[in-house]
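Descriptive structure summary
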Amino acid sequence: MIPNMNYIESVRQSCKTLYEKCPVKISESGIQQFLQGLDKLQYDELSIDTPMKMPLKFDSVEEEVNFIATIDLLNFGSGYRRPLHEMIDRGAFDTIRFGVMSFHIGGTPMDAECYKNMSLFQVSEIFQIPLTRDVPHEKLDFVTVAEPTELRPFAIGITSVLNSTGEFLVSKGYKNLAEFLMDKNYDGQRPTAHELVKRLVDALPGMRDDAQVYGDQTVYLFKKAQIMVYHLYLFFKDQLPECFDFEDINNMTIFSDNVIPTILAHFKVLTLPEEWRRDIEENKDMGEERATVLRAAAIVACDDIVKAARGGEGPVNNMTTGSLDVYLWRVAKEGELRKVPRFEYRDTVMF
């Protein structure tokens, strides 16, 4: 379903409407304690998205835009974190980053035709995701049979997103994703984040991050579209200001996935129903509705955190939603916080 307003504001408003009905609650005292406990030096360090920058050589800025954008296009699979670590010793983001680096280093063309025609077996090879494993035959000794791994649906999702993206690009005459992103039509005006988010969501099925919950309520999240726009601004606003120096970059919401709600609950900013907490700790799949509620509540909570910080609470008074998102995501990978269970939801290509 397409929003009938500014797409970023539709995320904000639909998440707030859902939050008012949901059992997850935001703690004002939790926000205060979180902000007062921040170490400004650590925040400044971890709020820069350095994991996206890699020591690779690019022949042109367009090639680098294409590389970064492809990582963001495929930035999902968080529900497969445990089997990914068990089978290939990487998490979801590192698996995607590894695969896109393999495209680049291995000379596989990262263009529209390649994405359109990418096969499941090519994805398995490039991203090193095992599709099958041998298990003992139920009745015959010394005989094994192949069965699908838990990661096969993840590889199918990657293939589907690449194929649908390639189909769109080919149909519109774009040679690659970067050419689409750099095809500006702003009539000399400074580009806006909300316009590029809209273009991405309208064009690419792999960006249509919304859900119907509580019967008929539509909730918009647009995580991958927003994080792609944020990275394009962060890394290319100086080289390509006419394309990516967005005047409204700080109007975006956080890029809500499974990490942010989990870490906000750990910091006591979000209060979850006891059954939900138990299911997260036991690594049970949360399903679409509960996953959507958690992600929406995190968006509302982070807006409240930024408002309080910019109002003088705590040591980081220049906080933005983008920097807060990156900080929370990166601090969740630090020390003991890595052990905090994330909620799982696998049937999605959105986070």
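The coordinates are above.
Residues numbered from 1 in each chain as written. Predicted model: local features only at pLDDT ≥ 70, side-chain atom pairs only at ≥ 80, totals over all residues. Heavy atoms only, no water.

**Comments concerning helix H5 (residues 81-88)**
For H5, the full list of buried residues reads Pro83, Leu84 and Ile88. Seen along its axis, H5 keeps its buried residues to an arc of 105°; they face one direction. If you follow the buried residues of H5, they end up packed against helix H6 (92-106) and helix H9 (152-172). One or two positions beyond H5, positive phi appears at Asp89, with a value near 60°. (Buried < 20%, exposed > 50% of the residue type's maximum accessible area, 1.4 Å probe, protein only. Helix = DSSP H or I, 4+ residues; strand = E, 2+ residues; numbered from the N terminus. Arc of directions from axis to C-beta. Contact = heavy atoms within 4.5 Å.)

**What about the packing of aromatic side chains?**
Evaluation of the coordinates by the stated rule reveals 17 aromatic pairs. Considering the side-chain rings of Tyr80 and Phe154, the 5.4 Å spacing of their centres and the 20° angle between planes classify their relative orientation as stacked. Of this pair, Tyr80 sits in the loop between helix H4 (61-73) and H5 while Phe154 sits in helix H9, and the two are 74 residues apart along the sequence. Side by side, Tyr80 and Phe154 carry an identical accessibility label, which is buried. Between Phe103 and Phe127, the ring centres sit 6.0 Å apart and the planes meet at 80°, which makes this aromatic pair edge-to-face. One end of the pair, Phe103, is in helix H6; the other, Phe127, is in helix H8 (residues 120-127), and 24 residues separate them in sequence. In this pair, the class of Phe103 matches that of Phe127, namely buried. Of the aromatic side chains, those joined through ring pairs into one cluster are Tyr7, Tyr220 and Phe222. (Phe/Tyr/Trp six-rings, centres within 6.5 Å; stacked < 30°, edge-to-face > 60°.)

**Points about the nonpolar core**
Ranked by size, the top nonpolar core spans 129 residues in total, and within it Leu74, Ile158, Leu181, Leu200, Phe244, Leu264 and Met319 carry the most contacts. Take this core: its biggest share by element is 13 residues, from helix H16 (residues 287-310). Apart from residues no more than four positions distant in its own chain, Phe244 is found in contact with Val65, Leu181, Met182, Pro191, Leu196, Leu232, Tyr233, Phe236 and Lys237. (Core = buried A, V, L, I, M, F, W, Y, C linked by side-chain atoms within 4.5 Å.)

**A word on the pattern of salt bridges**
Tallied over the entire structure, the rule returns 17 salt bridges. Salt-bridge contacts for Asp44 lead to Lys40; the nearest nitrogen and oxygen are separated by 2.9 Å. Note that Asp44 and Lys40 are positioned in helix H3 (residues 40-46) at a spacing of four residues, about one turn of the helix. Here Lys57 makes a salt bridge to Asp59, at a shortest N to O gap of 3.6 Å. Look at Lys57 and you get exposed, because its relative accessible area is 65%. Through salt bridges with shared partners, a single ionic network connects Arg82, Glu150, Glu344 and Arg346. (Salt bridge = Lys/Arg side-chain N within 4 Å of Asp/Glu carboxyl O.)

**Topic: the pairing of strand S5 (residues 217-220)**
Along S5, one buried face is formed by Gln217 and Val219 and the opposite face, lined by Thr218 and Tyr220, is buried too. Judged from the four bridges that link them, strand S4 (residues 210-213) and S5 form a sheet pairing that is antiparallel. Among the inter-strand pairings, Gln212 is bridged to a residue of S5, identified as Thr218. Adjacent in sequence and paired antiparallel, S4 and S5 are bridged by three residues, among which Tyr214 carries a positive phi angle near 50°. (Pairing = 2+ DSSP bridges.)

**Details of the side chain of Ser47**
The topology assignment puts Ser47 in the loop between H3 and H4. With relative accessibility at 12%, the residue Ser47 sits in the buried group. One polar contact links the side chain of Ser47 to the main-chain carbonyl oxygen of Asp44, over a distance of 3.5 Å. Sequence-distant contacts of Ser47, defined by excluding residues within four places in its chain, comprise Ser323, Val326 and Tyr327. (Polar contact = N/O pair within 3.5 Å; in protein donor to acceptor, adjacent residues only side chain to side chain.)

**Observations regarding the packing of helix H15 (residues 274-281) against H16**
Contact geometry for H15 and H16: axes closest at 13 Å, N-to-C directions at 105°. Between H15 and H16, the interaxial angle falls into the category roughly perpendicular. Residues Trp276, Asp279 and Ile280 of H15 form the contact with H16, whose participating residues are Arg290, Val293 and Leu294. For the contact of H15 with H16, the per-class residue count stands at four nonpolar, no polar and two charged. (Axes fitted to C-alpha atoms, helices over the stretch in contact; angles between N-to-C directions. Parallel < 35°, antiparallel > 145°, perpendicular 65-115°, else oblique. Nonpolar A, V, L, I, M, F, W, Y, C, P; charged D, E, K, R; others polar.)

**What about the environment of Tyr345?**
In this structure, Tyr345 sits in the segment after helix H17 (321-331). Look at Tyr345 and you get buried, because its relative accessible area is 10%. Once the C-alpha coordinates of Tyr345 and Tyr220 are considered, the two residues, 125 residues apart in sequence, prove to be 17 Å apart. Those residues within four positions of Tyr345 in sequence are excluded, and the remaining contacts are Gly79, Asp285, Gly287, Glu288, Ala291 and Phe351. Within polar-contact distance, the side chain of Tyr345 engages the backbone oxygen of Asp347 at 3.1 Å.

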